[in-house]
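Next come the chains, spelled out residue by residue.
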Amino acid sequence: FCKKKQIAAVRTVCSHIENMFKGVTLGFQYKMRAVYAHFPINCSVSEQGSLVEGRNFLGEKYIRKVRMAAGVTVENSKAQKDELIVQGNSIEDVSKSAA
């Protein structure tokens, strides 16, 4: 007979452990698309999939660089135009890098 907060804490730990098993066996994958109306956004991947450079965002000349978290790689999709695929073992790191 536990309280609600204790049950919630136990289930949170169980979910983290299940996500760790799933990440090591299968891995996590997020797909992102560069959507634009007027200025085409150019996304390039460099440094062996650990850095994404975004050019021409809202017509700016400034190059926006986003470094991926440790253990996360990114690549351009071969099937879809303007799509990036973010992959890794940790769901927290993959989702933070995709955001």
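If you're wondering where the values come from, they're calculated on a predicted model, not measured in any experiment. One numbering rule holds for all chains: residues counted from 1, following each sequence as written. For a predicted model such as this one, the threshold for reporting local features is a pLDDT of at least 70, and the threshold for listing and counting side-chain atom pairs is 80 or more; totals across whole chains, interfaces and linings nevertheless cover every residue. Computation of side-chain values covers all heavy atoms of the structure but excludes hydrogens and water.

A. Structural view of the side chain of Glu83. When you line up the elements, Glu83 lands in strand E6 (residues 83-88). Notably, Glu83 is buried but unbridged: the nearest opposite-charge side chain belongs to Arg33, and the N-O separation is 5.0 Å. Excluding its chain neighbours within four sequence positions, the residues that come into contact with Glu83 are Lys31, Met32, Arg33, Glu75, Asn76 and Ser77. Secondary structure elements are defined from DSSP: runs of H or I of at least 4 residues count as helices, runs of E of at least 2 residues count as strands, and each element is numbered from the N terminus. Only protein chains enter the calculation, and the probe is 1.4 Å; a residue is then buried if its accessible area is under 20% of its type maximum, exposed if over 50%, and partly exposed in between. We treat Lys and Arg as the positive residues and Asp and Glu as the negative residues; His and chain ends play no part in the count. The term salt bridge refers to a pairing of a side-chain nitrogen on Lys or Arg with a carboxyl oxygen on Asp or Glu at a separation within 4 Å. For this analysis, residues touch if any pair of their heavy atoms sits within 4.5 Å.

B. Focus on the layout of surface pockets. In this analysis the probe radius is 1.4 Å and the grid spacing 1 Å, with only protein atoms considered; a cavity is a set of points the probe fits into but cannot get out of, a pocket is an open set with protein on both sides within 12 Å along at least five of seven lines, and lining residues have an atom within 4 Å of a point. Grid points are joined across faces, edges and corners, and a volume is the space filled by probe spheres set on the points. In this structure, the largest pocket spans a volume of roughly 360 Å³. If you trace the largest pocket, you find 18 residues lining it, with Met32, Cys43, Val52, Val66 and Leu84 closest to the centre. Sorting the residues of the lining of the largest pocket by element identifies strand E1 (28-33), strand E3 (51-55), strand E4 (64-67) and helix H2 (91-98) as the ones contributing at least two each. No other element matches the 3 residues that E3 contributes to the lining of the largest pocket. Looking at the lining of the largest pocket residue by residue, the class counts come to 12 nonpolar, 2 polar and 4 charged. Charged means Asp, Glu, Lys or Arg here, nonpolar means Ala, Val, Leu, Ile, Met, Phe, Trp, Tyr, Cys or Pro, and polar covers whatever is left, Gly included.

C. Representation of the pattern of salt bridges within the structure. Scanning all chains against the criterion turns up 3 salt bridges. When the shortest N-O distance is used, the salt bridge between Glu47 and Arg67 registers 2.8 Å. In this pair, Glu47 sits in the loop between strand E2 (42-46) and E3 while Arg67 sits in strand E4, placing the two residues 20 residues apart along the sequence. For Glu47, a relative accessible area of 46% translates into the label partly exposed. Arg64 is the salt-bridge partner of Glu60, the closest N and O atoms lying 2.6 Å from each other. For Arg64, a relative accessible area of 35% puts it in the partly exposed group.

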